[in-house]
Amino acid sequence: MKLYCLSGHPTLPCNVLKFKSTTVMLDCGLDMTSTLNFLPLPLVQSPRLSNLPGWSLKDGNAFLDKELKECSGHVFVDSVPEFCLPETELIDLSTVDVILISNYHCMMALPYITEHTGFTGMVYATEPTVQIGRLLMEELVNFIERVPKAQSASLWKNKDIQRLLPSPLKDAVEVSTWRRCYTMQEVNSALSKIQLVGYSQKIELFGAVQVTPLSSGYALGSSNWIIQSHYEKVSYVSGSSLLTTHPQPMDQASLKNSDVLILTGLTQIPTANPDGMVGEFCSNLALTVRNGGNVLVPCYPSGVIYDLLECLYQYIDSAGLSNIPFYFISPVANSSLEFSQIFAEWLCHNKQTKVYLPEPPFPHAELIQTNKLKHYPSIHGDFSNDFRQPCVVFTGHPSLRFGDVVHFMELWGKSSLNTVIFTEPDFSYLEALAPYQPLAMKCIYCPIDTRLNFIQVSKLLKEVQPLHVVCPEQYTQPPPAQSHRMDLMIDCQPPAMSYRRAEVLALPFKRRYEKIEIMPELADSLVPMEIKPGISLATVSAVLHTKDNKHVLQPPPRPAPPTSGKKRKRASDDIPDCQVLKPLLSGSIPVEQFVQTLEKHGFSDIKVEDTAKGHIVLLQEAETLIQIEEDSTHIICDNDEMLRVRLRDLVLKFLQKF
Amino acid sequence: AGQDVGRSCILVSIAGKNVMLDCGMHMGFNDDRRFPDFSYITRNGRLTDFLDCVIISHFHLDHCGALPYFSEMVGYDGPIYMTHPTQAICPILLEDYRKIAVDKKGEANFFTSQMIKDCMKKVVAVRLHQTVQVDDELEIKAYYAGHVLGAAMFQIKVGSESVVYTGDYNMTPDRHLGAAWIDKCRPNLLITESTYATTIRDSKRCRERDFLKKVHETVERGGKVLIPVFALGRAQELCILLETFWERMNLKAPIYFSTGLTEKANHYYKLFITWTNQKIRKTFVQRNMFEFKHIKAFDRAFADNPGPMVVFATPGMLHAGQSLQIFRKWAGNEKNMVIMPGYCVQGTVGHKILSGQRKLEMEGRQVLEVKMQVEYMSFSAHADAKGIMQLVGQAEPESVLLVHGEAKKMEFLKQKIEQEFRVNCYMPANGETVTLPTSPSIPVGISLGLLKREMAQGLLPDIRKPRLLHGTLIVKDSSFRLVSSEQALKELGLAEHQLRFTCRVQLHDSRKEQETAARVYSHLKSILKDHCVQHLPDGSVTVESILVQAAAHSEDPGTKVLLVSWTYQDEELGSYLTALLKKGLPQAPS
């Protein structure tokens, strides 16, 4: 069993597991931090961005000044933003049989895999994962396609040139494999390959392996996966949460007794408490708005935003914010809000109970009804008429490189009354802000990451007791910025096996058994004998049938009736098939009893000699000699088949067959 | 529901597990026959001890109406499984049913509101295709049935034995629900409803056009149309149909929906939109099909308003409640029309007027003369004969059992199923028990070493000479493992006992031993073509693991002694060889 690690990003994993005869891809996350190296894509022409100076080498050589621009000491690529794909060369991706998706954030590379690698398999995901994943992809494509950029820089990617660039461009990995965004057509084609599954649904892969999604508690429809055969079990834990937010709680019990547990998608901000961050978010928001400023919240169109809106729903009246408009701007804002209300079966118990009443599970329905929350597909159109300040705007993309958020950064960045509050943990907020410097607006960092922290992980591992743990290398050492925090790493026995991008791990377990079915007719014919207390044995001779990776034992065929004499028998027909093996024997033969038995059966003239290891029994009349030792018996006789068979059967009486 | 529609309740015993399927009431009775007779399950002892679980297929009262009576009054505390929408809607219908029975008819000894609540606390909600482990051995799985919102078929599985219970289902997608679907799960038994065992319905479009035409004509001539429906199910289907028709034709006549339940009902459809059909799910963000523009809430007083109108009123079989009240008001006018869109159980007013009765005896010896037009239109979302056959084909069961239908019609379908699929088909009456023998195979663990060895050798199975697999089955603490004999010995700490035979065969041959050996070799080689015959450097000959050595006779130089030596495992070949060699060698070409 092998694990091919195609992504180095611990929360956006992409691994391929070879298990029995199947090849299973676990998630296909897309690392979008690469876009931080690019200049933002403004919705409307931005004089500031277009007038940034070109960058030149220390020696004054300016041949890169068309591709690279400088802003407040940072260098950015002026080009269509590109994403860092999972490794595509490590393993032939056309051999992947199935892809298992754990949550909508971990499927963003799907079109690259399904459309461009010869992949012909099946993708499994839950319904909310697919629907919301589609929204995320739709938004991404829309953000990038609606501001076409003529320039696509490639000169800087040349290895010899990249060496000369300043950090972080110099250190960017695998830049030659970075790709531009996919198209909506590719998204649709990729999503059409997905088969919807439900929690605890058992899915058979070629009769050899069974996969099952389990609730992971992190997002709507998010799942962990069990990949198991009858005797082996691998758990894939990706993006799980033990906090009670809106999704169904995590199913931990089903992870027990795993041979291997692959652990990815832990919290990216292990030192921040999500509840505290939400509180800080609300108070900063209220403070800014009371002072007449605007609040910008860069966010994804689904996920944490539901929880934020729910908190605000409870908070705005008490904080005196009832008259402040909340805007949610995204090409998929409406769909996201609508979809969130129809996945009752995937929600936590509280929200389910509301649906039974029947009431919408999320209170943002009421915010919309009372006009406190308004949503728009983009800043163009209706929004420009309704726009009132001060206000709170939720919009994407959290990288601040594309989407409507770019416009608001340009619009509000110059005033210190305004605040941008970062809640999504996927991007470093300082790097996100770099191309907007110098900024006057306040920046608050309240990352809300509900995924497991290290304390919860060690509790979980104690609970489910996997034999081996496999995780990204980042989790086996403290974060680089807090190298003294030994508590911020995975601590388990035996130590977790770690992987990094483009590595192949041999997973440490041996398969020893396989399931086989014994047909009832055969089972009836078996006679188990008790050999030791509590242990019975039965020898089995049967015909093995294997079909679709399922093995069945059938009773051996009855010997064919002898063919009538007309046809001449061929000599070879008589030759016994050497493959019809006799069972093994065990036990030992007590000489005295054996001799008595011989006498009883009419043998006389028996002589027994002692040897170093045993005895020799001589039947002088028949010129036959039987050597008896602890572990062996040897019958040496003339060619008298009758006699030999008689002796054989007498010896067998003392032995057990296996 | 044996040979009958109403009070669906089936007990399945499978591999030592007892599962009760549905717990319905009968619309046609008001006495003890209203509920199933639970004494069939067990006469003494608690139901909780006897039943492993109860499964409810959907929220119609003939499938869940007796549930509070069963769990709270008879007494059952085990798990009750149903889908989320069923769990949401079921208590509302039960409460409605209770109100009509107790408040309107004044029945005593009926279950109370509290009992409904307590009963619902025992419910465990399941999702489609989720495998629910009831205990270590018993598992159940729900499939989409399409009959009403949240309707499901259930597979009940213990080890390798399984039963599928369809509940009510519909094989053709309609305007708001999808079609039932099941995979090729090959159950030992398929229990299917057979409401429309003999009907093959004409195309849905024709029926819809017919329906719209009749409604339209009546409204045009100023008549009133009464459509008795159950609040959830067909009501939404017909609402969508009329709504789109009204919009297209720009009609003004009002459409009403009786009872407050309806708005709530539509809300359920909005929130459980994932259970509806593809088209509605796809478009719900832009336009939610369950937000009706033309259909308004009905008020009791509207019934006397002049002019045309269309009213959907509950319940669907005209046996009580608002639909019956309106019917009594409008029955006398031949301009009006009542359209029965679903099945009516015997004994209800609906059944009477459909069977042609025009003078009805009402309570208090009043006789109601029905002059209004009575139309029947099958909009019930049950599978027709074609659909049932289709489902049987999908699931490929070993046998079929028909329930939820009328005996005569079942008989016809039974024959058809037996002919077409060559499987046994049963149709027990209420209280009857059908026993099916199964022969489950026994799963054991085979050591991978043994399996791989066998598979490597037996890649091309020869039908004439099937290979035999030899192994030892170890039974320990009720775990079964099949291992190679060597491994079994090792595991038990036993040593192998080698049994060896050596036979002396005398040959007349004056040549040297080496030459004799060479002759033996070529002789054996020519006969044993399928075996591995080797001539070793030390002069001995081997056939597989059997050793043949030639030695000089101690007394007679013209005789050589062949020593043939083999182990017990090669017994047959060894015995054959000695016999063969005893016949002597062919004359060597000199």
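None of these values were measured; they are calculated from a predicted model. (Residues numbered from 1 in each chain as written. Chains lettered and ligands numbered in written order. Predicted model: local features only at pLDDT ≥ 70, side-chain atom pairs only at ≥ 80, totals over all residues. Heavy atoms only, no water.)

1. Remarks on a negative patch on the surface
- A contiguous patch of negative charge, built from E630 and D631 of chain A together with E486 and E496 of chain B, is present on the exposed surface.
- Judged by relative accessible area, E630 of chain A falls into the exposed class, the value being 55%. (Patch = residues over 30% accessible without salt bridge, like charges linked within 9 Å, V, L, I, M, F, W, Y side chains within 5 Å. Areas by Shrake-Rupley, 256 points an atom, 1.4 Å probe, with all protein chains shown as cover. Salt bridge = Lys/Arg side-chain N within 4 Å of Asp/Glu carboxyl O. Lys, Arg positive; Asp, Glu negative; His and termini not counted. Charge placed at Lys NZ, Arg CZ, Asp CG, Glu CD. Buried < 20%, exposed > 50% of the residue type's maximum accessible area, 1.4 Å probe, protein only.)

2. So, the packing of aromatic side chains
- Counted according to the given criterion, the structure contains 39 aromatic pairs over all chains.
- When the ring of F383 of chain A is compared with that of F387 of chain A, the centres are 5.0 Å apart and the planes differ by 40 degrees; the resulting orientation is tilted.
- Between F298 of chain B and F302 of chain B the ring centres are 5.9 Å apart and the planes differ by 85 degrees, which places this aromatic pair in the edge-to-face class.
- Judged by relative accessible area, F302 of chain B falls into the partly exposed class, the value being 25%.
- Feature note: the residues F35, F38, Y69, F70, Y76, Y97, F110 and F111 of chain B constitute an aromatic cluster, connected by ring pairs. (Phe/Tyr/Trp six-rings, centres within 6.5 Å; stacked < 30°, edge-to-face > 60°.)

3. Some details on the pairing of strand β24 (residues 498-508) of chain B
- As paired strands, strand β31 (residues 632-638) of chain A and β24 of chain B are joined by 7 bridges and run parallel to one another. Paired with T633 of chain A across the bridge in β24 of chain B is L499 of chain B.
- When β24 of chain B meets strand β28 (residues 559-567) of chain B, the two strands line up antiparallel, connected through 9 bridges. If you follow R500 of chain B over to β28 of chain B, its bridge partner there is T567 of chain B. (Pairing = 2+ DSSP bridges. Helix = DSSP H or I, 4+ residues; strand = E, 2+ residues; numbered from the N terminus.)

4. A few points about the interface of chain A and chain B
- Listed as interface residues are 92 residues of chain A and, on the opposing side, 84 residues of chain B.
- Roughly 8,100 Å² is buried in total at the junction of chain A and chain B, and carbon and sulfur atoms are behind 59% of that figure.
- Its largest share of buried area at the contact with chain B, chain A owes to E345, Y356 and N639 of chain A, together 10% of the area lost on that side.
- Taken together, the links from chain A to chain B amount to 4 salt bridges.
- A salt bridge links E571 of chain B to R644 of chain A, with the nearest nitrogen and oxygen atoms 3.0 Å apart.
- For the pair chain A and chain B, the interface holds 28 residue pairs in polar contact (both at pLDDT 80 or more).
- Looking at the side of chain A that touches chain B residue by residue, the classes come out as 48 nonpolar, 21 polar and 23 charged.
- Both strand β25 (residues 535-547) of chain A and strand β22 (residues 469-476) of chain B contribute to a ladder of 8 bridges, which runs antiparallel. Across the sheet, the residue bridging to S541 of chain A is H470 of chain B, located in β22 of chain B. (Contact = heavy atoms within 4.5 Å. Buried area = accessible area lost by both parts, 1.4 Å probe. Polar contact = N/O pair within 3.5 Å; in protein donor to acceptor, adjacent residues only side chain to side chain. Nonpolar A, V, L, I, M, F, W, Y, C, P; charged D, E, K, R; others polar.)

5. Regarding the nonpolar core
- The biggest cluster of nonpolar side chains holds 271 residues, and the ones touching the most others in it are F394 of chain A together with F70, F211 and F327 of chain B.
- Sort the elements by how many residues they give to this core and helix α3 (residues 127-145) of chain A lands first, with 9 residues.
- For this core, the two domains that each supply at least three residues are domain 1 (10-200 + 381-426) and domain 2 (204-376) of chain B.
- Residue contacts for F394 of chain A: discarding those within four places in its chain leaves F281, V297, C299, I305, L308, L309, L312, F326, Y327, F328 and I329 of chain A.
- In this structure, V617 and I628 of chain A together with V564 and Y568 of chain B belong to the second largest nonpolar core, which totals 42 residues. (Core = buried A, V, L, I, M, F, W, Y, C linked by side-chain atoms within 4.5 Å. Domains from an automatic or database assignment.)

6. A few points about the side chain of R644 of chain A
- Along the chain, R644 of chain A falls in helix α18 (residues 641-652).
- Those residues in contact with R644 of chain A that lie beyond four places of it in its chain are C637 of chain A together with F501, C503, W566, E571 and S575 of chain B.

7. What about the sheet that holds strand β5 (residues 123-126) of chain B?
Residues and elements named next belong to chain B.
- Pairing is mixed in the open sheet, where 5 strands are placed in the order β1-β2-β3-β4-β5. Each edge of the open sheet is held by one strand with a lone partner, namely β1 (10-14) and β5. Neighbour-to-neighbour, the strand axes of the sheet open up by a mean angle of 30 degrees, direction not taken into account.
- Taken together, the 4 bridges between strand β4 (residues 80-83) and β5 define a ladder with parallel strand orientation. (Axes fitted to C-alpha atoms, helices over the stretch in contact; angles between N-to-C directions.)

8. What about empty space enclosed by the protein?
Residue and element names in this part refer to chain A.
- One pass over the structure, following the stated rule, counts 4 cavities of 30 Å³ or more.
- If you trace the largest cavity, you find 16 residues lining it, with L30, M32, H105, Y300 and D426 closest to the centre.
- For the lining of the largest cavity, the residue count by class is 8 nonpolar, 6 polar and 2 charged. (1 Å grid on protein atoms, 1.4 Å probe; cavity = no way out; pocket = protein on both sides within 12 Å on 5 of 7 lines; lining within 4 Å. Points joined across faces, edges and corners; volume = space filled by probe spheres on them.)

9. Here we look at the domain arrangement of chain B
- Per the domain assignment, the segments of chain B are domain 1 (10-200 + 381-426), domain 2 (204-376), domain 3 (445-492) and domain 4 (500-583).
- Using C-alpha coordinates to define each centre, domain 2 of chain B is positioned 97 Å away from domain 4 of chain B.

10. Some thoughts on the sheet that holds strand β7 (residues 138-144) of chain B
Residues and elements named next belong to chain B.
- With respect to topology, 7 strands assemble into an open sheet ordered β6-β7-β8-β9-β10-β19-β20, the strand pairing being mixed. Of all the strands in the sheet, the pair left with one neighbour each is β6 (131-133) and β20 (424-426). Taken over all neighbouring pairs, the strand axes of this sheet differ in orientation by 20 degrees on average, direction set aside.
- Here strand β8 (residues 152-158) pairs with strand β9 (residues 161-165) via 5 bridges, running antiparallel. Following the sheet pairing, V158 is matched in β9 by E161.
- Each of β8, β10 (189-193) and β19 (399-403) touches helix α12 (residues 385-395); the most contacted strand, β10, lies at about 160 degrees to it.

11. What about the packing of helix α3 (residues 67-75) of chain B against helix α5 (residues 113-121) of chain B?
Residues and elements named next belong to chain B.
- Put simply, α3 and α5 touch, their axes get as near as 9 Å, and they point 90 degrees apart. If you check the angle between α3 and α5, you find them roughly perpendicular. Residues L67, P68, S71, E72 and M73 of α3 lie in contact with α5, whose contacting residues are M115, I116, D118 and C119.
- A per-class count over the contact of α3 with α5 returns 6 nonpolar, 1 polar and 2 charged. (Parallel < 35°, antiparallel > 145°, perpendicular 65-115°, else oblique.)

12. Digging into unusual backbone geometry
- The amide bond that connects L357 of chain A to the next residue, P358 of chain A, takes the cis arrangement and shows omega of 0 degrees.
- Note the cis peptide between G396 of chain A and H397 of chain A, where omega equals 10 degrees.
- Structurally, the position occupied by H397 of chain A is in the loop between β17 (392-395) and α12 (405-412).
- Even without a glycine there, the phi angle at D27 of chain A is positive, about 65 degrees.
- Here D27 of chain A shows up in the loop between β3 (22-26) and α1 (47-50).
- You will see that D22 of chain B, though not glycine, has its phi angle at about 65 degrees, which is positive.
- Considering the arrangement of structural elements, one finds D22 of chain B in the loop between β2 (17-21) and α1 (47-50).

13. Notes on helix α17 (residues 591-600) of chain A
Residues and elements named next belong to chain A.
- Buried within α17 are the following residues: V591, F594, V595, T597 and L598. Along the axis of α17, the buried positions cluster into a sector of 160 degrees, meaning they face one direction only. Seen from the open side of α17, the exposed residues pointing more than 90 degrees away from its buried face are E592 and K600.
- Backbone geometry just after α17 places G602 at a positive phi near 90 degrees. (Arc of directions from axis to C-beta.)

14. Section: the environment of P68 of chain B
Residues and elements named next belong to chain B.
- With respect to the helices and strands, P68 occurs in helix α3.
- On the accessibility criterion, P68 (0% relative accessible area) is buried.
- In the structure, P68 is positioned 485 residues away from H553 in sequence and 97 Å away in space, judged by C-alpha atoms.
- The contacts of P68, once residues within four sequence positions are left out, are M73, L94, F111, M115, I116 and C119.

15. Some words on the pattern of salt bridges
All names here are of chain B.
- Counted under the stated rule, the structure contains 38 salt bridges over all chains.
- A salt bridge links D304 to K329; the nearest nitrogen and oxygen atoms lie 3.8 Å apart. Here D304 is found in the loop between β13 (295-297) and β14 (309-313), whereas its partner K329 is found in helix α10 (residues 321-330), with 25 residues between them in sequence.
- Given a relative accessible area of 54%, D304 falls into the exposed group.
- Taking relative accessible area as the criterion, K329 reaches 47% and is therefore assigned partly exposed.

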